Structure formats: structure tokens, C-alpha cells
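# Coordinate inspection notes
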Protein chains: 2
Amino acid sequence: MRLYDFHESGNGYKVRLLLSQLGIPHERVERDILKGETRTPTFLAKNPNGRIPLLELDDGTRLAESNAILFFLARGTDVLPEDRLAQAQVLQWMFFEQYSHEPYVAVVRFWHFAGLAEEKQDEIPARMERGYQALGVMERHLAGQDFFVGGRYSIADIALYAYTHVAEEGRFELARFPRIQAWLARVAAQPGHVPITEL
Amino acid sequence: MRLYDFHESGNGYKVRLLLSQLGIPHERVERDILKGETRTPTFLAKNPNGRIPLLELDDGTRLAESNAILFFLARGTDVLPEDRLAQAQVLQWMFFEQYSHEPYVAVVRFWHFAGLAEEKQDEIPARMERGYQALGVMERHLAGQDFFVGGRYSIADIALYAYTHVAEEGRFELARFPRIQAWLARVAAQPGHVPITEL
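What comes next is a walk through the structure. (Residues numbered from 1 in each chain as written. Chains lettered and ligands numbered in written order. Predicted model: local features only at pLDDT ≥ 70, side-chain atom pairs only at ≥ 80, totals over all residues. Heavy atoms only, no water.)

Our next topic: the sheet that holds strand β4 (residues 62-64) of chain B. Residue and element names in this part refer to chain B. With mixed pairing, the 4 strands of this open sheet are ordered in space as β2-β1-β3-β4. Of all the strands in the sheet, just β2 (27-30) and β4 have a single pairing partner and so form its edges. On average, each strand axis in the sheet is tilted by 20° relative to the strand beside it, whichever way the strands run. Two elements, strand β1 (residues 2-5) and β2, share 4 bridges in a ladder whose sense is parallel. Within the sheet, the bridge partner assigned to D5 lies in β2 and is E30. Sitting on the sheet, helix α1 (residues 10-22) touches β1 and β2, and the angle it makes with β1 is about 150°. (Pairing = 2+ DSSP bridges. Helix = DSSP H or I, 4+ residues; strand = E, 2+ residues; numbered from the N terminus. Axes fitted to C-alpha atoms, helices over the stretch in contact; angles between N-to-C directions. Contact = heavy atoms within 4.5 Å.)

Below is the structure:
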């Protein structure tokens, strides 16, 4: 299979990390979002929503949305419980991540990374407040449990780890969140873990 | 089971609609988000993210995030394919809905509904542009197919229907999207369909 990806993307990293942990061979194709490489007619023909990551199977079938790709790859493995309620709880945290976490924690990091922090300075405080709210929800949930669902490492942890562990690149202070810090260390200690810097 | 809900919420409506179509008995508890009723200590103890819909099972277990609730309720029924790829494609459209559609189509509608259109007037044009982009992605995908995944009505259609069918309340012009209009009519013609106005 082939993964269309962008190195600095946490959404792309989620998929790279899981592919590594599951030992799934794949080809990685870089598409630089800063150069508009996901908005070309060729790429839009592959994903009309113009985003990476995009997974292309050997038969040409394509799957978009990082968390849907995680779910696809994880089915039948240890990182996705089969139980109906537990599986829905994994999805609950993945939808939380895309709706209440990524638009704040990831977007502020992106603005710094892309040199837009000055241009966006009026928007950053409100985004950071929402980001801190999301981190606060995570911190409370981690009271007395090692991972997000059922006490076991799952794709819910991968989805939330991707942008949380680089939140300081968006100037978020993770020192305020001791349980999150301990959980980040547990995730990083999982077999087959690879850092976001490794391709 | 018990559904914490807010009448005007499209996210709440998704769950009401599926509960109706599956014939699942439930108690509905209104929580007015305009009055801050999802931010009280009592409600935050139930859902630390302070949002409806929230599903409470008879044993007290709670599940948040509208699309995770849909997935939970739909498992093993006709509105969620069991096939691994098709199930991931359903999730792809549900993550698209929460990330690329709801923050624009739903939020602009909410501002009008809540009397905030004037206060938010500087933000509305950019939100509407992104909303139209999402509607454009949907319009293209519906070329030659009746529903979003595998030619069959699924929870992907329910998730996208919820805010698309009331997009005009946010001043979006659906007349620009003939395929979406035909799809809305197909969704509304499904057995057990209930309108958003019905509780």
C-alpha cells in the first residue's frame, strides 16, 4: 500500500506510527502542504478534500481521514478492541481529537511552524484556550488509568498522542498536565514506537 | 437508555433519527446549551467535554460524541456495513463531517439561530467559504451514487444529513448542489425517518 503524507503532519504521523507498530510494508509519498501539493488537480482527483494522509491500497482503493485509516489498519489487531462498547469508546476519543483537540492544539502549532504566528496573533489566544480545555479533559480522564480506553494501548492513544506530544511546538505548557506527561511516556515506550521525526 | 440532547442540535438529531429508525426505546433529557446547561458541575461530571448528545446506558455507562454514538447503536444493523473497508469508508465520511463540515455549516447556522450573526459578521464569510468547500466535496462524491458508501443508506448519510438539510438556516444556498438536494430527498424517504423538529 501507499501512504500520501507530509512529514510534519501529526495526522500523517498517526498512520506512520501504526504502520510501523503493525509491521505493514508500504511506500511513503511526500506531498508538501505548504507548497499546495495536496491542492493540485492530480491530488484532488485522488482525494477531493485535498488533504493528507491518504492511504492507497494495492487495488487503487483510497481511504482518507487519519482516524478512519487507523481504524481500517487496526481492525483485528490488539490496538482496537472488538467489544462493541469499547470500540465505540475508542471512536469517542478519536472524534474528540478531531473536533475538540486538533483544531486548537494542532492548528496553533502549524501557525508557528509555517511562520504565520504573527499574522494569526489575534486568533491564537482563543485557540490556545480551547486547546487547554481539550488537554484538561484528557488530564481528568487519565486519573487512575494508564490509557484512554479499557486500560490498554489503542488507536485512541495514537490519535491523541500525535499532536499532544508536540503541543509545546505550539507554545502549550505541558508541565501543567502531569498525567498527560506520564501517559506520553507510556505511549512512547510501546513496542515498535517511532518518533515523528523518523520517516 | 437515556439521551441527553438539545432540540436544535444537528448532532443530537443524528442520534434521535437513528434511535427512531432502529426502534430503540429511550428517555430523552433536554439540556439547553444556550443556558449553559451542559457546563454545570452535574453535567460535566457526566461528560467532562460539556457537550450533548450524551448517551447513558441502563448500567450508567456513558458515551459521548454523536458519531461514536451512531457507530455504537448501528453495530450489527443494516445501517453499518460489516466489511472492513466499507466500515472504514463510513468512518471516513463521519470524520469528514466533524472536521470539514460541522465547524462551518453547523456553526454558521448556530450563530444565526443564537442571534450572534451580527457579532460574528467578520468571521462568517470565511466559515461559509469552508462550508461551501465541504458541500462541494459532497456534491462531487454523489456523482453516480445514491448514498455515501457502497450505494446503501448508512450512518455516514445520517451524520452528513443532520446539518446539510438545515444548511439554509445558515444562509447556505443548497440550490447550487442538485445532487445533494436529490440525496437529501432520498434520506428523508427512508423508513422511520423523523424530521429534526420532532422530539
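What follows covers the interface of chain A and chain B. Residue-level contacts link 35 residues of chain A with 34 residues of chain B. Summed over both partners, the interface of chain A with chain B buries about 3,400 Å², with 60% contributed by carbon and sulfur atoms. The largest share of the area that chain A buries against chain B comes from R84, F95 and Y99 of chain A, three residues that together contribute 23% of it. Counting the contacts that link chain A with chain B gives 2 salt bridges. Summed over the shared surface of chain A and chain B, the result is 14 residue pairs in polar contact (both at pLDDT 80 or more). Taken together, the elements giving at least two residues each to the side of chain A that touches chain B come down to β4 (62-64), α3 (66-74), α4 (84-113) and α5 (124-141) of chain A. With 15 residues, α4 of chain A is the single largest residue contributor to the side of chain A that touches chain B. For the side of chain A that touches chain B, a count of residues per class yields 17 nonpolar, 8 polar and 10 charged. (Buried area = accessible area lost by both parts, 1.4 Å probe. Salt bridge = Lys/Arg side-chain N within 4 Å of Asp/Glu carboxyl O. Polar contact = N/O pair within 3.5 Å; in protein donor to acceptor, adjacent residues only side chain to side chain. Nonpolar A, V, L, I, M, F, W, Y, C, P; charged D, E, K, R; others polar.)

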